Amino acid sequence: MVPNIIVPYFKDNRGKIAVGIFLLIVVDFFQLAIPWMVKLAVNTLAVTEPDINLILKYTGAIVLSGGCIALLRYWWRILLMGTAKLMEMGLREHLFSHILKLDARYYDRVKTGDLMARATSDINHVRLAFGIGMIALTDAFFLGGSTIAFMLYMNVKLTLIALVPMPMLILTAKMLGKRMHDFHSSAQKSYSFLTELVRESFYGIRILKVYNYEKIINRRVEEASKNYFKKNFKRAIVTALIKPMMIFFLNLSMFIIIFYGGYLVIKDLLSPGELVAFIQYMWLLAWPMIAIGWMINLVQRGLASLKRIEKVIETESDVSDSLNALPFNDSLCSIEFKDICFSYDSVLPDLSENVLENISFTVNAGTFIGITGPPGSGKTSLVQLIPRLYNPDSGKICFNGKDIKGHILDSLMEKIAFMPQEAFLFSGTIRENILMGRDVSEKELARVIKFAVLENTIENMAAGLETLVGERGITLSGGQKQRIALARTIVQKKEIIILDDPVSQVDTDTALEIITGLKQFKQNTTIVIVSHRISAITSCDRIYVLKNGRIEAKGDHDEMIKRNLFYKKAYDVQLFNGLPSSNCQDSCKNKSTVRLAF
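Residues numbered from 1 in each chain as written. Predicted model: local features only at pLDDT ≥ 70, side-chain atom pairs only at ≥ 80, totals over all residues. Heavy atoms only, no water.

### Some points on the sheet that holds strand β5 (residues 402–403)
In plain terms, the rule: For two strands to be treated as a pair, DSSP must find no fewer than two bridges joining them. For the purposes of this entry, the term helix denotes a DSSP run of H or I that reaches at least four residues, the term strand denotes a run of E that reaches at least two, and both are numbered from the N terminus.
Taken together, 4 strands build an open sheet; the order of strands is β2-β1-β4-β5 and the sheet is antiparallel. At either margin of the open sheet sits one strand with a lone partner, and together these are β2 (356–364) and β5. As defined by bridge partners, strand β1 (residues 334–342) adjoins strand β4 (residues 394–399) across 5 bridges and the pair is classed as antiparallel. Looking across to β4, one finds that Phe337 is bridged to Ile397.

### Observations regarding the nonpolar core
This is how the line gets drawn: The term nonpolar core refers to a set of buried residues drawn from Ala, Val, Leu, Ile, Met, Phe, Trp, Tyr and Cys, joined through side-chain atoms within 4.5 Å. To sort residues, take the accessible area from a 1.4 Å probe on protein chains only and compare it with the maximum for the residue type: under 20% means buried, over 50% means exposed, and anything in between is partly exposed. Should any heavy atoms of two residues lie within 4.5 Å, those residues are considered in contact.
Ile430, Ile434, Leu454, Leu486, Leu518, Ile529 and Tyr567 are the most contacted members of the largest nonpolar core, which totals 48 residues. Here the element with the most residues in this core is helix α17 (residues 478–490); it accounts for 5 residues. Apart from the residues lying within four places of it in its own chain, the contact partners of Ile434 are Leu445, Ile449, Leu454, Leu465, Ile484, Ala487, Arg488 and Val491. By size, the runner-up hydrophobic cluster in this structure holds 31 residues, among which are Leu158, Ile242, Tyr260 and Leu275.

### A few points about the side chain of Asn564
For Asn564, the location among the structural elements is in the loop between α19 (557–563) and α20 (565–574). On the basis of relative accessible area, Asn564 is assigned to the buried category, the value being 6%. Residues within four places of Asn564 in sequence aside, it is in contact with Val545, Glu552 and Ala553.

### What about the packing of helix α2 (residues 14–46) against helix α6 (residues 132–154)?
For any two helices packed against each other, one specifies the inter-axial angle together with the distance between the axes. Note the threshold: Angular values range over 0 to 180 degrees, each being the angle between N-to-C directions of two axes fitted as lines to C-alpha atoms, with helices fitted over their stretch in contact. Between 65 and 115 degrees an angle is taken as roughly perpendicular, under 35 as roughly parallel, over 145 as roughly antiparallel, and anywhere else as oblique. Handedness of a crossing follows from how the near helix is turned relative to the far one, being left-handed for an anticlockwise turn of less than a right angle and right-handed for a clockwise one. Three classes are used: nonpolar for Ala, Val, Leu, Ile, Met, Phe, Trp, Tyr, Cys and Pro, charged for Asp, Glu, Lys and Arg, and polar for all others, with Gly counted as polar.
Interhelical geometry of α2 versus α6 gives an angle of 30 degrees and a closest axis separation of 10 Å. Put simply, α2 runs roughly parallel to α6. Like other packed secondary-structure pairs, α2 and α6 cross with a definite hand, here right-handed. Contacts from Ile17, Ile21, Leu24, Ile25, Asp28, Phe29, Gln31, Leu32, Trp36 and Lys39 in α2 reach Met134, Ile135, Thr138, Asp139, Phe142, Leu143, Ser146, Thr147, Phe150, Tyr153 and Met154 in α6. Residue composition of the contact of α2 with α6, grouped by class: 14 nonpolar, 4 polar and 3 charged.

### Brief notes about empty space enclosed by the protein
Here is the rule we go by: Site definitions follow a grid-based scheme: protein atoms alone, a 1 Å grid, a 1.4 Å probe that fits but cannot get out for cavities, and for pockets an open set with protein on both sides within 12 Å along at least five of seven lines, plus lining residues having an atom within 4 Å of a point. Grid points are joined across faces, edges and corners, and a volume is the space filled by probe spheres set on the points.
Enumeration over the complete set of coordinates arrives at 1 cavity of 30 Å³ or more. There is about 50 Å³ of room inside the largest cavity. Along its surface, the largest cavity is lined by Tyr9, Phe10, Asn13, Ile17, Thr83, Ala84, Met87, Phe130 and Met134. Going through the elements one at a time, α1 (7–12) and α3 (52–101) are the ones with two or more residues in the lining of the largest cavity. A per-element tally of the lining of the largest cavity places α3 first, with 3 residues. In terms of residue class, the lining of the largest cavity is built from 7 nonpolar, 2 polar and no charged.

### Focus: the pattern of salt bridges
To be explicit about the condition: Salt bridge, as used here: a side-chain nitrogen of Lys or Arg that lies within 4 Å of a carboxyl oxygen of Asp or Glu.
Counted under the stated rule, the structure contains 15 salt bridges. In this structure, Arg127 and Glu88 form a salt bridge, with 3.2 Å as the shortest nitrogen-oxygen distance. Of this pair, Arg127 sits in helix α5 (residues 112–130) while Glu88 sits in helix α3, and the two are 39 residues apart along the sequence. Judged by relative accessible area, Arg127 falls into the buried class, the value being 16%. Arg431 is paired through a salt bridge with Glu466; the nearest N and O atoms lie 2.6 Å apart. In this pair, Arg431 is assigned in helix α14 (residues 430–435) and Glu466 in the loop between α16 (455–459) and α17, connecting sequence segments 35 residues apart. Residue class for Arg431 comes out partly exposed when judged on its relative accessible area of 22%. We classify Glu466 as partly exposed; its relative accessible area is 38%. Here the residues in one salt-bridge network are Lys85, Glu88, Arg92 and Arg127, joined through shared partners.

### As for the side chain of Gln480
What counts, and what does not: Polar contacts, as counted here, are pairs of nitrogen or oxygen atoms within 3.5 Å of one another; within protein the pair requires one atom able to donate a hydrogen and one able to accept it, and residues that are adjacent in sequence qualify only if both atoms are side-chain atoms.
Residue placement: Gln480 occurs in helix α17. Polar contacts involving the side chain of Gln480 include one to the main-chain amide nitrogen of Ser477, which spans 2.9 Å. If we ignore the near neighbours within four places in the chain, the residues touching Gln480 are Leu454, Thr457 and Met461.

### A few points about unusual backbone geometry
Although it is not a glycine, Asn400 adopts a positive phi angle of roughly 55 degrees. Tracing the backbone through its elements, the reader meets Asn400 in the loop between β4 and β5. Its identity is not glycine, yet Lys493 carries a phi of approximately 55 degrees, on the positive side. With respect to the helices and strands, the residue Lys493 is situated in the loop between α17 and β7 (496–500).

Below you can see the structure in the form of structure tokens.
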């Protein structure tokens, strides 16, 4: 039975597949005709006065059949193997597009190397199973069945005796096929682990070098490689057994034909031409017999890989549109958190305690919100719930009084621009990393670059905005990457801007410029900024301090200085040159006379 995820590709290409199989059968017909022509030619030569014209006729027919086989074999390979390639491409695109729809919890649970193995090695095995495997299946049944029919037509008894070893061949292939399936599944899991280990090592190569960790990681990769080798070697042993078994049983049949068939020729019960044809048909039968084993090998691998791919495709995202979800087209009036509780227990079962506990507050549109607190207090987890990177375990988040789960996810994301803690850049140009495919005028782009304090940085680069940043922005400093990520966020012009620690890697003056520039958006944009730097949120309309997943205090800057010990201590520690806390907000207005430590 063809698995459901493969069916559409067979339906879409059924015309090509049908023509390809028809041409394959025609090729098999010509292959069957050649031994028959050889039989007639040998029998003609066996008479006292052979007819040279008949000999030329038979040899001409053999050459013509060979030419037709070559031409038609080219086309069935184009049609059938080409279709298998299309299926491979479509399946990979299907898998990738589905993976993109999965939520953050899924990526927290699954290793990247495992996904890479499924998108490469596993899909390749599926292509072989339903491409080459389909060809082997056709040949096994049509060519094998037709060959046996021709042999039966010439001599029933010799055929039946010659085929005595074949049931043992099929039984052996079936037993080895089961082992092949088990070993392949185990080998693919080992391959996934090895791929992830190598990917992680390359990603963190600088850390490995700084901490002199090369020998240790090399040993781990060596152990993983040996484990993969052992599991793959078991699979190789089974694969290596299949073909020799085919050859052994085939040669056993050949021995029977030559021994008993020669006896029949001596007794004049079989013509010399029929004996030669019998030998050729038996060799012709070798491919279908080998094809059975090969097909079992390919199909077992393909089905094992397909199950791994199906497991991903059948995974449902926790964050998805409900059946009755509606687009959110209104202007934002408020964001309301109602008794929000959240944990990562589905990712790490040991973390059963809530990261966020009974969070409730309301943010009015156009306000500037600051969130701070000690490390691990739940700040990042809280803001990740707004764009639905995660769903809360209980409680709800409402836009304009309506639960965001009732709105289509894409329409929500049209309202939100989110800058995560990690300033991730793609290996393209600075322009490409800022625009991310958006069509923005040069004037607007220049305004955004100025806002992100990137003007001097870009001017000092020979290629300017067309400068390649390297893989993950490796050619840039942390502060440069962070400002490019900030420009990417601002250029979207969304109603809600969420910034998770946006100035943690920039200097004091640059941070002050950025925070001052954020005030320009207050009239029509809701800004939520998470920061450990208290001075980055002093001008916020409302500040929330989180501790152990709960809101410990809330208010504006002056209120927090008076009410919350953590906030006041953090602010005092971060003051630069003894700036009085009471003058902070006024001082922020005059950058030339006061410098804040961010």
